[in-house]
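Secondary and tertiary structure notes
Here are the chains, one letter per residue:
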Amino acid sequence: MADEKFDEDVAASGDTRSRKDRPTGSAHFGDIDFNEEATEEIGDATWGEVFRTCCVHTPQEWGLVFVGIVGVLFCLYFFLVGLDLLGSSAKVLGGCTAGALFG
């Protein structure tokens, strides 16, 4: 009963949930017949389908993408600052020792 309601909702929204409903015959993860398909039956996806799958997000999802990018940049910045401090400390510690070695 619930499956029939879901199928009616999908049909009413115009959203395709099966490879057979798409003109290109491409399979998408989450299709209702995803596990029933043979590899030779699956068609290639168009660039439009790839774009809609990868780049069309809700505002909440875009917020999470932004937070993730800021987090990566934050970590990268402090990694580079740490490398700079490590290099400077090696110069300071190695400079006195090197001077003493060479007299």
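Please read these numbers as outputs of a predicted model, since none were measured by experiment.

What follows deals with the overall build of the protein chain. Scanning the protein chain from terminus to terminus reveals three helices and zero strands. When the helices and strands of the protein chain are placed in sequence order, the string is α-α-α. Taken across its 103 residues, the protein chain has 10% of its residues classed as buried. When contacts within the protein chain are restricted to residue pairs at least 6 apart in sequence, those whose partners lie at least 24 apart make up 10%. Carbon together with sulfur atoms contributes 67% to the accessible area of the protein chain, which is approximately 8700 Å² in total.

Moving on, we get to the state of the cysteines. Tallied over the full model, the rule gives zero disulfides. We note that cysteine 54 lacks a disulfide partner, and the nearest cysteine sulfur, in cysteine 55, lies 5.7 Å from it. Judged by its relative accessible area of 49%, cysteine 54 falls in the partly exposed class.

Another aspect to go through is a nonpolar patch on the surface. There is a patch of nonpolar side chains on the surface, built from Trp62, Val65, Ile69, Leu73, Leu76, Phe79, Leu80, Leu83 and Leu86 and spanning about 880 Å² of accessible area. As for its position among the elements, valine 65 is in helix 3 (residues 59–101).

A few words on the packing of aromatic side chains. Going through the model one piece at a time under the given rule, you end up with two aromatic pairs. Each ring, one from phenylalanine 74 and one from phenylalanine 78, has its centre 4.8 Å from the other, and the planes form 65 degrees; the classification is edge-to-face. Here phenylalanine 78 and phenylalanine 74 lie together in helix 3, a separation of four residues that amounts to about one turn. Taking relative accessible area as the criterion, phenylalanine 74 reaches 51% and is therefore assigned exposed. Between tyrosine 77 and phenylalanine 78, the ring centres sit 5.2 Å apart and the planes meet at 80 degrees, which makes this aromatic pair edge-to-face. In this structure tyrosine 77 comes out as exposed when scored by relative accessible area, which is 52%. Phenylalanine 78 sits in the partly exposed class, given a relative accessible area of 46%. Ring pairs connect the aromatic residues Phe74, Tyr77 and Phe78, which therefore count as one cluster.

We now examine the confidence of the model for the protein chain. Detailed reading of the predicted coordinates is not advisable wherever pLDDT falls low. Mean pLDDT over the protein chain works out to 76, with 67% of the residues at or above the 70 mark. Taking the mean pLDDT of every element in the protein chain, the minimum, 47, falls on helix 1 (residues 2–13) and the maximum, 87, on helix 3. Residue range residues 1–12 is modelled with pLDDT below 50. Its contacts to residues more than four positions away, or to other chains, number four contacts.

Definitions and limits used
Going along each chain's sequence as written, the residues are numbered from 1 onward. Reporting in this predicted model follows two pLDDT cut-offs: at least 70 for local features of residues, and 80 or more for side-chain atom pairs to be given and counted; totals over whole chains, interfaces and linings ignore these cut-offs and use all residues. Hydrogen atoms and water are omitted, and side-chain values are computed over all heavy atoms in the structure. Put simply, DSSP H or I for four residues or longer makes a helix, DSSP E for two residues or longer makes a strand, and each gets a number counted from the N terminus. Residue exposure (1.4 Å probe, protein chains only): buried if accessible area is under 20% of the type maximum, exposed if over 50%, otherwise partly exposed. Contact criterion: two residues are considered in contact whenever any of their non-hydrogen atoms come within 4.5 Å of each other. For accessible areas, the Shrake-Rupley method is used with a probe of radius 1.4 Å. Any residue's cover is judged against the shown protein chains and nothing else. Throughout, disulfides are identified as pairs of cysteine sulfur atoms within 2.5 Å of each other. Two joining distances apply to patches: 9 Å for like charges and 5 Å for nonpolar side chains (Val, Leu, Ile, Met, Phe, Trp, Tyr), and every residue must have over 30% relative accessible area and no salt bridge. Every case where a carboxyl oxygen of Asp or Glu lies within 4 Å of a side-chain nitrogen of Lys or Arg is listed as a salt bridge. Here a Phe, Tyr or Trp ring, Trp counted by its six-membered ring, pairs with any other such ring whose centre lies within 6.5 Å, and the pair is stacked when the planes are under 30 degrees apart, edge-to-face when over 60, and tilted otherwise. The predictor attaches a confidence to each residue, and that confidence, scored 0 to 100, is pLDDT.

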